[in-house]
Amino acid sequence: MIRFTYLVHGEGPVSGTAKLAFTKEHRGPVVFWNITSRCNLACAHCYIRSGLGQRRKDELTTDEAMALIDDLAAADVPLLLFTGGEPLMRGDFWDLAEHARDRGISASLSTNGTLVTPGVAQRLRDVGIGYAGISLDGATAATHDAFRGVPGSFDRSVQALKNCIDMGIRCGVRFTVTGRNHGELGDLIALAQTLGVHRFCVYWLVPSGRGGDVHADLQVAPWEMRTVLDLIYQAVLQTDPAMMEFLTVDAPQDGVYLLERLKSDGNPAYGRAYSFLARMGGCSAGRRVANIDPSGNIYPCQFAQFEEFRVGNIRDRPFSAIWSDSGNAILAAFRSGESEPGNQCSACGWQEICDMGCRIRAYVQHGDLGGGDPLCSRHG
């Protein structure tokens, strides 16, 4: 996660007012928890292949989920993100959210927004959801609904943003860049600003789940990525950082782009940004973030849901014990930040910042976690 606005301005309506979850102040990682695989949409790029008939028979029970929250509190996780599928389709979501609040865990929601009525938005606020990320795949209903597979999704998601804002919930747009929608980014940013959205998150497509099935057709080229980053950078400079912030997700090399732009512009934020990004050290998977799927399986990140990267299961051992196991070979592999001699990243002077980019894209492309992110403009 590259917090463009925070790094440039030192503030933001989400990053600047809440404790930064991705710092090293906590013992535990930020946890992305897929509480269900059920979803009322059928998104073309869903990383866990969610859908209406996709509820897993071995989904964690309410008692197991409550116990997991207790363990996450004991593990001192700084942030718990309820996601899915569509998390609001799980009947005990409200009980789980309340339990997280009562255990002192900051909680956010990742949702498609179609179920967030005014009443639901009010209830989200009441159970302590501090932030809601709502996915939009384009600036028009035609583009968004084509990705989501259900007509009317766009209008309901836009209304969900309005409902959250009306209830005083900080919220953001989650936009996954593809070859079919990157041309609408400017218009979508304008829409978000009109709505009064607090955060704009740009995700780069990761070839996981159905996202892997469509990867070859939808992935942008590195030069197209540069065009998107130029647009984001200009938006950061032109937008009041107290009103709306921009960040990108799933491409640590975006930090290199930002540093180069700041340096070429003579921006005094360069030193602070460099220090922060070097301290973060690139890919967060297996280090600052973790994923738990609906069945209690643990992975280094939500896009690493491959059997070969399954770290363990909470039904066998508590999350806290698995995560702190220094002998776990999978976690050790993700936590290693050294590229192989002769690797495309080994001669790059930015590895301290980028750490070889997204490890999952590298694995899919090269069969090697340290093979270098193919979405890096230096290698594309």
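Given the structure is predicted, the values throughout are model-derived calculations rather than measurements.

Trainee: Go over unusual backbone geometry, please, and point to the residues and values.
Mentor: In this structure, glycine 85 follows glycine 84 across a cis peptide bond, with omega equal to 10 degrees. When you line up the elements, glycine 85 lands in the loop between β2 (80-83) and α3 (93-102). Positive phi is not limited to glycine here, since aspartate 355 has a value of about 55 degrees. Secondary-structure assignment places aspartate 355 in the loop between α15 (351-354) and α16 (359-366). You can call aspartate 355 buried: its relative accessible area is 4%.

Trainee: So what's going on with the pattern of salt bridges? Residues and values would help.
Mentor: Here the structure, examined in full by the defined rule, presents 16 salt bridges. Linking arginine 90 and glutamate 59 is a salt bridge whose minimum nitrogen-to-oxygen distance equals 3.4 Å. Note that arginine 90 is positioned in the loop between β2 and α3 and glutamate 59 in the loop between β1 (30-34) and α2 (62-74), a separation of 31 residues in sequence. Assessed through its relative accessible area of 5%, arginine 90 is described here as buried. With its nearest N and O atoms 3.9 Å apart, the salt bridge here joins arginine 359 to aspartate 355. Judged on exposure class, the residue arginine 359 and its partner aspartate 355 are both buried. Within the structure, one salt-bridge network assembled from shared partners comprises Glu59, Arg90 and Asp92.

Trainee: Could you give an account of helix α4 (residues 118-126), naming the residues involved and the relevant values?
Mentor: Since one α-helical turn is 3.6 residues long, residues separated by three or four positions face the same way. All of the buried residues in α4 are Val120, Ala121 and Leu124. Buried residues of α4, viewed axially, fall in a sector of 100 degrees; they line one side. Where the residues of α4 are buried, they touch α3, β3 (107-111), β4 (129-135) and α6 (153-166). Of the residues trailing α4, glycine 128 is marked for its positive phi of about 95 degrees.

Criteria and thresholds
- Residues numbered from 1 in each chain as written.
- Predicted model: local features only at pLDDT ≥ 70, side-chain atom pairs only at ≥ 80, totals over all residues.
- Heavy atoms only, no water.
- Helix = DSSP H or I, 4+ residues; strand = E, 2+ residues; numbered from the N terminus.
- Buried < 20%, exposed > 50% of the residue type's maximum accessible area, 1.4 Å probe, protein only.
- Salt bridge = Lys/Arg side-chain N within 4 Å of Asp/Glu carboxyl O.
- Arc of directions from axis to C-beta.
- Contact = heavy atoms within 4.5 Å.

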